[in-house]
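The primary structure of each chain is shown beneath.
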Protein chains: 4
Amino acid sequence: MSDPAKHILLTEGPDRTGLIYYVMGVLFRHGLNVIHNNEYVSPAGHFFMRTEFSAPVDGTLGADTLLGELHTALPDSGIVFRLSPQRKKRIVVMVTKEHHCLGDLLIRHAFDELNADILAVVSNYDTLQPLVSKFGIPFHHISHEGRNRDEHEAAIQQTLVQYMPEYIVLAKYMRVLTPHFVNQYPNRIINIHHSFLPAFVGANPYRQAFERGVKIIGATAHFVNNDLDEGPIIAQNVKEVNHRQSATDMATEGRDVEKIVLSQALKLVFTDRVFIAGNRAVVL
Amino acid sequence: MSDPAKHILLTEGPDRTGLIYYVMGVLFRHGLNVIHNNEYVSPAGHFFMRTEFSAPVDGTLGADTLLGELHTALPDSGIVFRLSPQRKKRIVVMVTKEHHCLGDLLIRHAFDELNADILAVVSNYDTLQPLVSKFGIPFHHISHEGRNRDEHEAAIQQTLVQYMPEYIVLAKYMRVLTPHFVNQYPNRIINIHHSFLPAFVGANPYRQAFERGVKIIGATAHFVNNDLDEGPIIAQNVKEVNHRQSATDMATEGRDVEKIVLSQALKLVFTDRVFIAGNRAVVL
Amino acid sequence: MSDPAKHILLTEGPDRTGLIYYVMGVLFRHGLNVIHNNEYVSPAGHFFMRTEFSAPVDGTLGADTLLGELHTALPDSGIVFRLSPQRKKRIVVMVTKEHHCLGDLLIRHAFDELNADILAVVSNYDTLQPLVSKFGIPFHHISHEGRNRDEHEAAIQQTLVQYMPEYIVLAKYMRVLTPHFVNQYPNRIINIHHSFLPAFVGANPYRQAFERGVKIIGATAHFVNNDLDEGPIIAQNVKEVNHRQSATDMATEGRDVEKIVLSQALKLVFTDRVFIAGNRAVVL
Amino acid sequence: MSDPAKHILLTEGPDRTGLIYYVMGVLFRHGLNVIHNNEYVSPAGHFFMRTEFSAPVDGTLGADTLLGELHTALPDSGIVFRLSPQRKKRIVVMVTKEHHCLGDLLIRHAFDELNADILAVVSNYDTLQPLVSKFGIPFHHISHEGRNRDEHEAAIQQTLVQYMPEYIVLAKYMRVLTPHFVNQYPNRIINIHHSFLPAFVGANPYRQAFERGVKIIGATAHFVNNDLDEGPIIAQNVKEVNHRQSATDMATEGRDVEKIVLSQALKLVFTDRVFIAGNRAVVL
């Protein structure tokens, strides 16, 4: 822990009396000052805690030492401790043809607002290559044409592995991923869904929204698991619509919601504020 | 039209060139000044218009004369004209055990804010009788116990007919109504559903919302048709929630949304701003 | 602490390393399990913590013992500990002529949703007496006519003291209170202001909002201090408006925002979630 | 009117009985079908109407003919008619150092979503030159250093005039413009202000918001007139904040609101939906 700035300790496991006390004890004995501490116990009895603390001035304490002492303080507890590394997350963005979420991410990335490095963009179309190339980021066009689903995903995976991404961001990637693919990145694939889930699961949600005559549309950023549109929800937002707007108008309005919700979710995940509790996301 | 204040003309029918022109011509020839005019043509080619106009000072023009001239100006057009009567709507409120929507309506009614007269409250429980009696409004406890669904609805209908209500407001009435009952009040039954439809159709939506881990909950006011939770949506609103909130907490928070959405919807309907276009509500 | 349910410990004072550790140590040694713990250190270095914990099954631990041990663990620290009493807050509501906030509070109170007892309603007009009497709550009409401001406030205070309220809720009380009065209830008077403060300070905010042509109106619940509309903000909310709405229309719409914001703020205060940090309210 | 698609007629002037009738009569006699018609009369008696209509199939009607007939139908009425030209608006964007609004506009422009051509970007710093150059748009760095305010504005104006812009968009241009400059573009300069006006007029609104402890921040897009932050408001939006967020955090969150509000306002203006009624913007 050479960086003198703040550190983030993530603690997770079965709840028991005294957990906060033990963790705080280890930090206190090293003179580490807690700046923010957020804790949550789920109804199922799972304990989650996010602790921001400042490192000592001389910077002599190593991460391994600290984690070792935490494990010693709570032996056989099933508690998992993680120290968030002092660097940006490594991500790859996957898209199809729509530019609004990707464009927003590229601008934020260009001005270092993402707390993440976009290592590459992967797409099944070449539509967005000109946009990506403006920002000097590798673009991989991996078409699904002439390939079955498994072959296509294998080709994508071959490209992804060279980048060793911590997170895959589906910024309007419009193909369903197989469980095989998803399982390689458990709780590490983030999707933006163009509806207020669980309303309008599946394709063409704005058409569905128009036909149902809703007065509010929304967007949902969530982790991807094996069921389409079913992983833990990280962030949602909405916008009022009215009868004058066609399905196309709603889609246009919805894009602004989608891009903001996706970037909000990424900000939460990339600052280590999101835990997974079953099928729910806990944001501390 | 003895009242010198503003009048509201509602025009509806198959679209054709010149509709606004013809209607405005009739109003103009009588020296009636248009204050607000809102018009909408649906994608299916149906024309809707709401026209607020001021009556002449001497008040000599009768509603029948005006409607007659409008029909003459547009013979065989399939256009329906309505002049909104200059009085409050007549309504009956139906509830089960929850008080929040009813309480809000009673307060508004007590201070004449509803543009409606609550003629009576009907409930399948007597829980809310003490609340209703504070406001001097008839309360009819019509239990569903010992009656099958048809018998229960028949008993309700027997009570309703004596009040001749224009609208039935389901302010958390928790039993599904049969098509037979609903058909007696086409587009005249308004329900508040405790979710952001079409998410969480059916019972226990806050439990569903909690388990799905949503970050926003909502409520929907809609007309009731034969399919449960499927009629035209009049108004919706939402509220942010988080992982700390249990299903019960969400229900508590949701109640504030429900009562406000219901009263917003009633305000729109009772000021003649809502038209029905297929399964969509047009608010002009 | 005879009640076996959850307890709330509030900790506040100058920040120092180890504060959470010491507090958690005392709780842990008594076998008390922490359910939720929220902590915040202000930029000025003030520490705030709200700890929900469950009492032991046998209920033998007294509040005095616990507070004593906490003080012993942190001698001379300037830290203040409070155990929230296991009972509803005692409040008096003050109003002028508008009913919407009061009506909402009375309904919530009637169904025990406030976590507070409304001991009495005080008003400078008798307009709302009929409403209050429906709910069997004492109503004191203390007119300001024929009295100067000091005399009027003295008469109010004479009535208030017999109720020994913990909080005074100004639910649309439209007279400015003197510093002398306010100082008798430091951080214990809660006001609903009919604008999105700090926009439109003072009287007639909806008229101001109309004339400025804003597209959103709002309401603000805040503690009252000596400067008009200047105490710590507890909660705010907003609503979209448009050019069609007159100042009167905006006021009507605004009332729904006002009553919901006030009740949200009261809920936060009455569940001991609000701390004061200078002129800011910290909600844990 | 060679384009067969929809046309937009804007009508504005002193209200009088029959205005809609006369305008509709002219359109009807040319067989023009009205798709949407929105009309508003301000409290001051000013009439505004926006009429979308479809042109005849053969496209023989000229704009001059139509406008001529409209004037003939309403002689000496003081009514102004405009037919919105069938082309994108011509705009110049002015910025200082912040990229978020500009970046958003550039992405929208690159994908033809603005209904406007960004002819050039003008800045008093060269910070954003690299961003603008990615999109192949002229960037003019016109420093204010070594120039007094009049000289600086004269240099800007010299650059602007060559582009003949219809609108100047201040996308976080952080210098106050003189009345002399503003008067050259009456109701044609659009600014994004980083607060929920009229709260926090002037500089450093997020610092002010933090210190006031507000629970909601916002942004305002408005036309610029001679008084700083005082022109007609076109669009506003807000976002919840809390005590944990510093002034810097609020500024970060606020940027997302700013960029969305600015683009919403531009969309309204560039689709001819915004009229000016005194100091209020009417959006039809």
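Everything quoted here is computed from the prediction, not taken from an experiment. (Residues numbered from 1 in each chain as written. Chains lettered and ligands numbered in written order. Predicted model: local features only at pLDDT ≥ 70, side-chain atom pairs only at ≥ 80, totals over all residues. Heavy atoms only, no water.)

## Details of the nonpolar core
Phase 1: Ranked by internal contacts, the top residues of the largest apolar core, which has 78 residues, are Val93 of chain B together with Val93 of chain C.
Phase 2: In contact with Val93 of chain C, not counting residues within four places along its chain, are Leu102, Leu105, Ile118, Ala120, Val121, Val122, Val169 and Ala171 of chain C.
Phase 3: With 77 residues, the next largest nonpolar core counts Leu106, Leu128 and Val274 of chain A together with Ala265 of chain D among its residues. (Core = buried A, V, L, I, M, F, W, Y, C linked by side-chain atoms within 4.5 Å. Buried < 20%, exposed > 50% of the residue type's maximum accessible area, 1.4 Å probe, protein only. Contact = heavy atoms within 4.5 Å.)

## Concerning the side chain of Gln236 of chain B
Phase 1: Locating Gln236 of chain B in the fold gives a position in strand S11 (residues 233-240).
Phase 2: A distance of 3.4 Å separates the side chain of Gln236 of chain B from the backbone nitrogen of Ile216 of chain A, its partner in a polar contact.
Phase 3: Those residues in contact with Gln236 of chain B that sit more than four places away from it in its chain are Val214, Lys215 and Ile216 of chain A together with Phe196, Leu197, Ala219, Thr220 and Val261 of chain B. (Helix = DSSP H or I, 4+ residues; strand = E, 2+ residues; numbered from the N terminus. Polar contact = N/O pair within 3.5 Å; in protein donor to acceptor, adjacent residues only side chain to side chain.)

## Side note on the domain arrangement of chain A
Residues and elements named next belong to chain A.
Phase 1: Examined at the domain level, chain A breaks down into domain 1 (6-85), domain 2 (89-184) and domain 3 (186-284).
Phase 2: Domain 2 and domain 3 are separated by 19 Å when their C-alpha centres are compared.
Phase 3: With 27 residues of domain 2 in contact, the opposing surface of domain 3 contributes 23 residues.
Phase 4: Taken together, domain 2 and domain 3 are joined by three salt bridges.
Phase 5: Looking at the side of domain 2 that touches domain 3, the elements that each hand over two or more residues are strand S5 (89-95), helix H3 (100-110), strand S8 (167-170) and helix H6 (179-183).
Phase 6: No other element matches the five residues that H3 contributes to the side of domain 2 that touches domain 3. (Domains from an automatic or database assignment. Salt bridge = Lys/Arg side-chain N within 4 Å of Asp/Glu carboxyl O.)

## Regarding the side chain of His144 of chain D
Phase 1: Mapped onto the elements of the fold, His144 of chain D is located in the loop between strand S7 (139-141) and helix H5 (149-163).
Phase 2: Separated by 3.2 Å, the side chains of His144 of chain D and Asn124 of chain D make a polar contact.

## A word on the relation of the copies chain A and chain B
Phase 1: Expressed as a screw transformation, the operator carrying chain A onto chain B has a rotation angle of 180° and an axial translation of 0.0 Å, and the superposed copies differ by an RMSD of 0.0 Å. Here the copies are linked by what is in effect a two-fold axis. Residue Ala199 of chain A of chain A places its C-alpha closer to the rotation axis than any other residue of that unit, at 2.1 Å.
Phase 2: The overlap is high: 100% of the interface residues of chain A also sit at the interface in chain B, so the same surface is used on both sides. (Least-squares fit on C-alpha atoms with pLDDT ≥ 70 in both.)

## Focus on the pattern of salt bridges
Phase 1: For the coordinates displayed, the defined rule picks out 68 salt bridges over all chains.
Phase 2: Ionic pairing is found between Lys6 of chain B and Glu52 of chain B, a salt bridge with its closest N-O pair at 3.4 Å. Of this pair, Lys6 of chain B sits in strand S1 (residues 6-14) while Glu52 of chain B sits in strand S3 (residues 46-54), and the two are 46 residues apart along the sequence.
Phase 3: For Lys6 of chain B, a relative accessible area of 44% puts it in the partly exposed group.
Phase 4: Overlapping salt bridges, with partners in common, bring together Glu98, Lys172, Arg255 and Glu258 of chain A in one network.

## Quick notes on the interface of chain A and chain B
Phase 1: Each partner contributes residues to the interface: chain A has 31 residues there, and chain B has 31 residues.
Phase 2: For the pair chain A and chain B, the two sides together bury roughly 2700 Å², of which 62% comes from carbon and sulfur.
Phase 3: Three residues stand out in chain A for area buried against chain B, namely Arg212, His243 and Arg280 of chain A, and they jointly supply 29% of the buried area on that side.
Phase 4: One salt bridge connects Glu230 of chain B with Arg212 of chain A, and the closest N-O pair in it is separated by 3.7 Å.
Phase 5: Seen at the junction of chain A and chain B, the total is 16 residue pairs in polar contact (both at pLDDT 80 or more).
Phase 6: Taken together, the elements giving at least two residues each to the side of chain A that touches chain B come down to helix H7 (205-212), strand S11 (233-240) and strand S13 (280-283) of chain A.
Phase 7: For the side of chain A that touches chain B, the residue count by class is 18 nonpolar, six polar and seven charged. (Buried area = accessible area lost by both parts, 1.4 Å probe. Nonpolar A, V, L, I, M, F, W, Y, C, P; charged D, E, K, R; others polar.)

## Section: the pairing of S8 of chain A
All names here are of chain A.
Phase 1: The side-chain alternation of S8 yields two buried faces, one formed by Tyr167 and Val169 and the other by Ile168 and Leu170.
Phase 2: Bridge count between S5 and S8: four bridges; the pairing is parallel. Following the sheet pairing, Val92 is matched in S8 by Ile168.
Phase 3: With three bridges connecting them, S8 and strand S9 (residues 189-193) associate as parallel partners. Residue pairing across strands places Val169 opposite Ile190, the latter belonging to S9. (Pairing = 2+ DSSP bridges.)

## Thoughts on the sheet that holds strand S2 (residues 33-41) of chain B
Phase 1: Read across the open sheet, the eight strands follow the order S4(B)-S1(B)-S3(B)-S2(B)-S2(D)-S3(D)-S1(D)-S4(D); overall the sheet is antiparallel. The open sheet is flanked by strand S4 (80-83) of chain B together with strand S4 (80-83) of chain D, the only strands paired with a single partner. Adjacent strand axes in the sheet meet at a mean angle of 15° when their direction is disregarded.
Phase 2: Where S1 of chain B and S4 of chain B come together, four bridges link them in antiparallel fashion. Each bridged residue has a counterpart across the sheet, and for Leu9 of chain B the counterpart in S4 of chain B is Leu83 of chain B.
Phase 3: Docked against the sheet, helix H1 (residues 19-29) of chain B engages S1, S2, S3 and S4 of chain B together with strand S2 (33-41) of chain D, running at close to 25° with respect to S3 of chain B.
Phase 4: Against the sheet, helix H1 (residues 19-29) of chain D engages S2 of chain B together with strand S1 (6-14), S2, strand S3 (46-54) and S4 of chain D, with an angle of about 25° to S3 of chain D. (Axes fitted to C-alpha atoms, helices over the stretch in contact; angles between N-to-C directions.)

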